[in-house]
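Architecture and fold: a report
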Amino acid sequence: MSKTILEIKNLHASVEDTKILKGLSLTINIGEKHTIMGPNGSGKSTLANVLAGNPSYTMNSGEIIFMGQNLNEMQPDIRACAGLFLAFQYPVELPGVRMWQFLKSSLDSKREYNGEKPLSTREFDNVLNEYADKVGISSDFIKRNVNEGFSGGEKKRNEILQLSLLNPKLAILDETDSGLDIDALKVVSKGIDSFSSDENSVLLITHYQRILNYVIPDFVHVMMDGNIVTSGDKTLALELEEKGYDWLTTK
Amino acid sequence: MKENNNVISRTTELENDNYKWGFDFKFNPDNAPIGLSEDIVKLISNKKNEPKWLLDWRLKSLKHWFKNQDNEPKWANIEFPKIDFQKIRYYSSPTSKPNPKSLDEVDPEMLAAFTKLGIPLEEQKKLSGVAVDAIMDSVSVATTYQKQLEEAGVIFCPISEAVQKYPELVQKYLGSVVPYSDNFYATLNSAVFTDGSFIYVPPGVRCPVELMTYFRINELDTGQFERTLIVADKGSYVSYLEGCTAPFRKNNQLHAAVVELVALEDAEIKYSTLQNWFPGDTNGEGGIYNFVTKRGKCQGKNSKISWTQVETGSAITWKYPSVILQGDNSVGEFYSVALVNNYQQADTGTKMIHIGKNTKSTIIAKGISAGKATNTYRGQVKVLPSAKNARNFTQCDSLLIGDKCGAHTIPYIEVKNPTAQLEHEATTSKVSDDQLFYTQQRGISLEDANYMIINGFCKGIFKELPFEFAIEASQLLRVSLEGTVG
Ligand SMILES: Nc1ncnc2c1ncn2[C@@H]1O[C@H](COP(=O)(O)OP(=O)(O)OP(=O)(O)O)[C@@H](O)[C@H]1O
Ligand SMILES: [Mg+2]
C-alpha cells in the first residue's frame, strides 16, 4: 500500500477577490511523480502558491493534508521545514543577501526543525559544492547575491540547487523547464530525476512534453479554469502536445 | 584571573574644590541643580578645575546662547514640543568617587550595567584589542588599555583630563572645527559640556588599537553634552568607535554632543558610530533627542576623514557629520544606515565642503523606515571656487517597511568651480511580499527573512565598520526590526 503525502480535497482559492481555484481535488502518494499541464491563467501557479502558503492567496474552502498535517494551520516556513518545496516560476532577487548565507540559513533552519544540529561551515561547503557542481553552478555564483543579476536559466538552476540541498518530501516545480537552453534543460531534468526517489514525490507544472522524456510522470493532469478536467498517464501529454487544449473543451 | 595592569588611574581631582575662579560653591557636589545659568557653567568648570581660558570660553558661549535662545533651528523635518532648557540638569556624576585607579575600584553596579549592555570594559571580553573609555552621564568611568597607547605616544583620555594634562593641545584645537557660535546646540554644548573623549595621535603613528567610547545617559532629567576632540597629526592613523545607549525613560532626554576631528597632512581618521539611544516606546513616548554636531576638517593635504554610522535609536535625530576638505587631495567619506521605527524621526545627512584641489568625497546613505516613522536624508555638497577637480559621488537609498512610514531625500548642491564632477543616485524600494515569501519558502521565519533582506540592503555600509562592530551593528538592526513584519 502506498502512503499519501498530499491530499487536496475540494479546494477553493482566490487572489484579490477573484476566484481562481474552483473545487480542485488531488491525491499524491509517496514515490509518485505528477505533472500538471494547462493553458495560461488556468490556475497552476495559484495552486502551487496556495500549497506553499503564499499570504497573497486566500484559501476559501476545502482541505489540504500534507503528511498527515492540516496545511492551513502552518506558516510557510513551517511547511518548508516539514518538507514542502516550491521551485518558483519567477525566482525572486534578494539584493545584498549572499547565496551562501541564504542557503546555509535555509538548511540550518530545516535541520533545526528536524532536531538535527546545523552543519559546520566545512561540512556545509562540501555538500554545497557537490550539488552546485551537479547543476553547473560555479563557486563564483555562491559568492553572489541570491538571484541578483542571474539570467533566467541561472535562476532555474539555482532552484534545482536548493531542491537538492533541502531534499524535501514533496517538490512542486512550477515551470522549472521554461526558458532553458538545451544543455540547461538536461541539467535541470537530471537534477529533478536524481532527486526523485521512492521516499519523495514530485508535482511538476509544465507546458512542454519534452521534459517528460527525462522525468517520466506516473500521472498527467490537465487543469482548466481552476480545476483538473482530466487525468491520465504520460501518453496524455503527447496527445495534448499534438492536439492542444481545445480538443479537451470540445470533447 | 583579573588583569588590571592595563588600566591607569585618572588624575582629574574632583575633590579639589578650591574655588579658583572666585564664586560660591553652593551646590551638592554630585548633582548640580536643574537649570541653566552662569553659576551652573562656573560650577561645571570649577568641578573640573579648568583653566581660566576655558571658563571664559564657556561663558562666552553661554552669553551667545542666551542671546539666541529663541533661534532654535526649525528647518529640519522633525516635530517635537519646545524644550525647556531650564528643566534640564547640566551636570550629574553617577558615583561619588569618579576616579577609579583600576577596574577593581569601579562601582560593581556600574560594571554590571556595562556588562549588561555588552560593553567590553574588561580586557578579556570579546572586543579585546579595543581601548574603551566609558562615559555614564557626565563622567568618564574607566579607561582601559592606557599603557599600550602611552607606549605608542597616543593620548586617549577624557577631555577634562586632557584640559589638565595637555592644555596647549586642547586650547589649540577646541572649537577650531565647530566654533562656539556654530549653531544653537553646539553653542549650548560649548557652554555646558561635561565630558567626552580626547585623542591625539602623534606624527607618523598608526594607533595600535581601535579606540572606543561608550556613552550612556542614566540619570533622569539629565542632558548629556559630551565633547569629543580627535587630532591626527601628520601621517598618523586612528580608528575610533563610539557606542551609545540609554535606558527606558518615560520623558525625553536631550543629548547635544559636539565632535571635532582634525586630520593634518597625510593623516587618516576613521570614525564609526553605533547609536541606539532609547527611541521612545511604541506609542512614541519618551526617548532621546539627539541633536549632534559632528564635523571633521581635512586640514592637511592628502588627509582623509571617514564617518560610518549605524543609527537605530533616539526619538529624534538631528545629525549631519560633515567634512571640510581643505587640504589638497583630501578625501571625505560618509557611510550611513539610519533605521527609524514606530514614531521615530530622523533628519540626518552630511555636508562635504570642497575647498582644496582634487578633493574627493563619497556619500552612501541608506535609510530604513518602518511603522509611522519618517526618515529624511539631507545632504549638502559644496564646491568652492578654489576646489579644482573636485569629485563627489552620492548614493541615497531608502527602504520602506509597511505603508505608514516615509522617506525623503533632500540634496543641496552648490558648485562654484566648473571642473567639479558630481554624481548623484537615489532609489526608494520596499521589502516586497514576494521576497519575504520566497525566503520563508526556504524554511526561514518571517522575522528572520525580513532581517536578512534588510541586512542585505545595509551590507555596503556594514563592511565599512571594524569587524566586531559590524556584527554588533547587524545584531542591533535585528533587535530594532523586531515586530516590523507579520
Ligand atoms: N496577484 C494577482 N492578482 C490578480 N490576479 C492574479 C494574481 N495572481 C494570479 N492572478 C490571476 O489568476 C489567474 C491564474 O493565474 P496562475 O498564475 O495561477 O496561472 P497559471 O496557470 O500558472 O498560468 P501560466 O501558465 O501562464 O503560468 C490568472 O488569470 C491571473 O491573472
Ligand atoms: Mg504559472
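This report concerns the structure included in the present document. (Residues numbered from 1 in each chain as written. Chains lettered and ligands numbered in written order. Predicted model: local features only at pLDDT ≥ 70, side-chain atom pairs only at ≥ 80, totals over all residues. Heavy atoms only, no water.)

**As for the coordination of the magnesium ion (ligand 2)**
All names here are of chain A. The magnesium ion (ligand 2) binds to the protein through Ser45 (OG) and Gln89 (OE1), with metal-donor distances spanning 1.9 to 2.2 Å. Residue serine 45 is found in helix H1 (residues 44–52), and its partner glutamine 89 is found in the loop between strand E6 (84–87) and helix H3 (99–113); the two are separated by 44 residues along the sequence. Of the residues examined, glutamine 89 reaches a relative accessible area of 16% and is grouped as buried. (Donors = N, O, S within 2.8 Å, 3.2 Å for Na, K, Ca; no water. Helix = DSSP H or I, 4+ residues; strand = E, 2+ residues; numbered from the N terminus. Buried < 20%, exposed > 50% of the residue type's maximum accessible area, 1.4 Å probe, protein only.)

**Section: the environment of isoleucine 364 of chain B**
Its location among the elements puts isoleucine 364 of chain B in strand E17 (residues 360–369). Setting aside chain neighbours within four positions, we find isoleucine 364 of chain B in contact with Phe334, Tyr335, Ser336, Gln395 and Ile461 of chain B. (Contact = heavy atoms within 4.5 Å.)

**Description of the sheet that holds strand E8 (residues 201–205) of chain A**
All names here are of chain A. Read from one edge of the open sheet, 6 strands run E6-E7-E8-E3-E9-E10, paired in mixed fashion. In the strand order of this sheet, the two ends are held by E6 and strand E10 (227–232), each with one partner. If you compare each strand with its neighbour and ignore which way they point, the axes differ by 20° on average. Here 4 bridges tie strand E3 (residues 33–37) to E8, and the two strands are oriented parallel to one another. By the bridge assignment, isoleucine 36 is partnered in E8 with isoleucine 205. In this fold helix H8 (residues 234–243) packs onto E3, strand E9 (219–224) and E10, with an angle of close to 45° to the strand it touches most, E9. (Pairing = 2+ DSSP bridges. Axes fitted to C-alpha atoms, helices over the stretch in contact; angles between N-to-C directions.)

**Some details on the site of ligand 1**
All names here are of chain A. Looking at ligand 1, there are 15 residues lining it, with Gly41, Lys44, Ser45, Thr46 and His207 nearest. Between ligand 1 and glycine 43, the relevant distance is 3.0 Å, taken from an oxygen atom to a main-chain nitrogen or oxygen of the residue. A total of 640 Å² of accessible area belongs to ligand 1 in isolation, and the protein chains cover 64% of it. Considering every element that reaches the shell around ligand 1, the biggest residue donor is H1, with 3 residues. Here the residues of the shell around ligand 1 sort into 4 nonpolar, 8 polar and 3 charged. (Near = heavy atom within 4 Å. Polar contact = N/O pair within 3.5 Å; in protein donor to acceptor, adjacent residues only side chain to side chain. Areas by Shrake-Rupley, 256 points an atom, 1.4 Å probe, with all protein chains shown as cover. Nonpolar A, V, L, I, M, F, W, Y, C, P; charged D, E, K, R; others polar.)

**Remarks on the packing of aromatic side chains**
A complete count under the given rule lists 11 aromatic pairs over all chains for this structure. Judged by centre distance (4.5 Å) and plane angle (35°), the ring pair of tyrosine 185 of chain B and phenylalanine 291 of chain B falls under tilted. Of this pair, tyrosine 185 of chain B sits in helix H7 (residues 184–192) while phenylalanine 291 of chain B is found in strand E11 (residues 287–298), placing the two residues 106 residues apart along the sequence. No difference in accessibility class separates tyrosine 185 of chain B from phenylalanine 291 of chain B, as the two residues are buried. An aromatic cluster of three or more residues is present, and its members are Trp65, Phe66, Phe184, Tyr185 and Phe291 of chain B. Positioned above the aromatic ring of phenylalanine 141 of chain A is the side chain of arginine 144 of chain A, whose terminal nitrogen or guanidinium carbon lies 4.8 Å from the ring centre. The cationic tip of arginine 210 of chain A hangs over the ring face of tyrosine 208 of chain A; the distance from NZ or CZ to the ring centre is 4.9 Å. (Phe/Tyr/Trp six-rings, centres within 6.5 Å; stacked < 30°, edge-to-face > 60°. Lys NZ or Arg CZ within 6 Å of the ring centre and 35° of its normal.)

**With respect to the pattern of salt bridges**
Taken as a whole and judged by the stated rule, the model has 22 salt bridges over all chains. One salt bridge in this structure joins glutamate 130 of chain A and lysine 134 of chain A, with 4.0 Å as the shortest N-O distance. One end of the pair is glutamate 130 of chain A and the other is lysine 134 of chain A, both in helix H4 (residues 121–134) and 4 residues apart, which spans about a single turn. For lysine 134 of chain A, a relative accessible area of 53% gives the class exposed. Across the pair arginine 227 of chain B and glutamate 260 of chain B runs a salt bridge whose closest N-O atoms are separated by 2.9 Å. Here arginine 227 of chain B is found in strand E6 (residues 227–232), whereas its partner glutamate 260 of chain B is found in strand E9 (residues 258–263), with 33 residues between them in sequence. (Salt bridge = Lys/Arg side-chain N within 4 Å of Asp/Glu carboxyl O.)

**What to know about the packing of helix H8 (residues 433–440) of chain B against helix H9 (residues 446–462) of chain B**
Residues and elements named next belong to chain B. Remark: H8 packs on H9, axes separated minimally by 9 Å, with the N-to-C direction vectors making an angle of 120°. Judged by the inter-axis angle, H8 sits oblique to H9. Between H8 and H9 lies a crossing of right-handed hand. Together, Gln435, Leu436, Thr439 and Gln440 of H8 and Leu446, Ala449, Asn450, Met452 and Ile453 of H9 make up the contact between the two elements. Its residues assigned to classes, the contact of H8 with H9 shows 5 nonpolar, 4 polar and no charged. (Parallel < 35°, antiparallel > 145°, perpendicular 65-115°, else oblique. Left-handed = near helix turned anticlockwise from the far one by under 90°.)

**Description of the interface of chain A and chain B**
Of the residues lining the interface, 33 residues belong to chain A; the matching set on chain B comes to 16 residues. Summed over both partners, the interface of chain A with chain B buries about 2,000 Å², with 60% contributed by carbon and sulfur atoms. At the boundary of chain A and chain B, one finds 1 salt bridge. We note a salt bridge from glutamate 159 of chain A to arginine 442 of chain B, for which the minimum N-O separation is 2.6 Å. Inspection of the chain A/chain B interface yields 13 residue pairs in polar contact (both at pLDDT 80 or more). Those elements that place two or more of their residues in the side of chain A that touches chain B are H1, helix H2 (76–81), E6, H3 and helix H6 (152–166) of chain A. Tallied by class, the residues present in the side of chain A that touches chain B amount to 18 nonpolar, 11 polar and 4 charged. (Buried area = accessible area lost by both parts, 1.4 Å probe.)

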